[in-house]
Amino acid sequence: MTEPWKQKALEIGNTIREATRKYPELAPLCTSWINFARKRHLRRQADDADALKILLERHGLTIIAKQDVGHYRATITSQAEEIKALEHRITTLLRP
C-alpha cells in the first residue's frame, strides 16, 4: 500500500471498529466503512501469524491454547470410553 490515504483510511476503520464494539449503535457506520473499504480494495496487511490463522481457518482448522489441549484430551477420552461401553451394551442386547 503506497498511498498515504489508504493507510489513514485503515486507521480510521480500526477506530470505527473499536468504537462499534463499545457502542453497538455505531454498527451502521462500521458497515458503511466496510463497504467503502471493499469498494476501494482496502485490506489490512496481515502478518505471518494472521496469514497462518487465515490459512488454517480456510481448511476448517483452528489454533487452540496449550492449556485447553489437556482438557479436550480428557473429555475425548471419557467420551470414547462411554461410547465403547454403549457399543458393548448394544451388542449384548442384540445377541439372540
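Residues numbered from 1 in each chain as written. Predicted model: local features only at pLDDT ≥ 70, side-chain atom pairs only at ≥ 80, totals over all residues. Heavy atoms only, no water.

A.B. asks: Now, about the pattern of salt bridges: what can you tell me, with residues and values included?
C.D. replies: Tallied over the full model, the rule gives 3 salt bridges. For Lys-6, the salt bridge is made with Glu-3, and the minimal N-O distance between the two is 3.8 Å. In this structure, the salt-bridge partner of Glu-11 is Lys-8, at a minimum N-O distance of 3.3 Å. In this pair, Glu-11 and Lys-8 both sit in helix α1 (residues 4–22), 3 residues apart, roughly one turn of the helix. (Salt bridge = Lys/Arg side-chain N within 4 Å of Asp/Glu carboxyl O. Helix = DSSP H or I, 4+ residues; strand = E, 2+ residues; numbered from the N terminus.)

A.B. asks: Explain the confidence of the model for the protein to me, and be specific about the residues and the numbers.
C.D. replies: Summing up the model confidence of the protein, the mean pLDDT is 86 and the portion of residues at 70 or higher is 94%. Looking at the elements of the protein, mean pLDDT is at its lowest for helix α3 (residues 48–58), recorded as 77, and at its highest for helix α4 (residues 66–94), recorded as 93. (pLDDT = per-residue confidence, 0-100.)

A.B. asks: If you had to explain the side chain of Thr-20 to someone new, which residues and values would you point to?
C.D. replies: Looking at the element boundaries, Thr-20 is found in helix α1. Residue Thr-20 is classed as buried on the basis of its relative accessible area of 15%. If near-sequence neighbours (up to four positions away) are discounted, Thr-20 is found in contact with Leu-26, Ala-27 and Cys-30. (Buried < 20%, exposed > 50% of the residue type's maximum accessible area, 1.4 Å probe, protein only. Contact = heavy atoms within 4.5 Å.)

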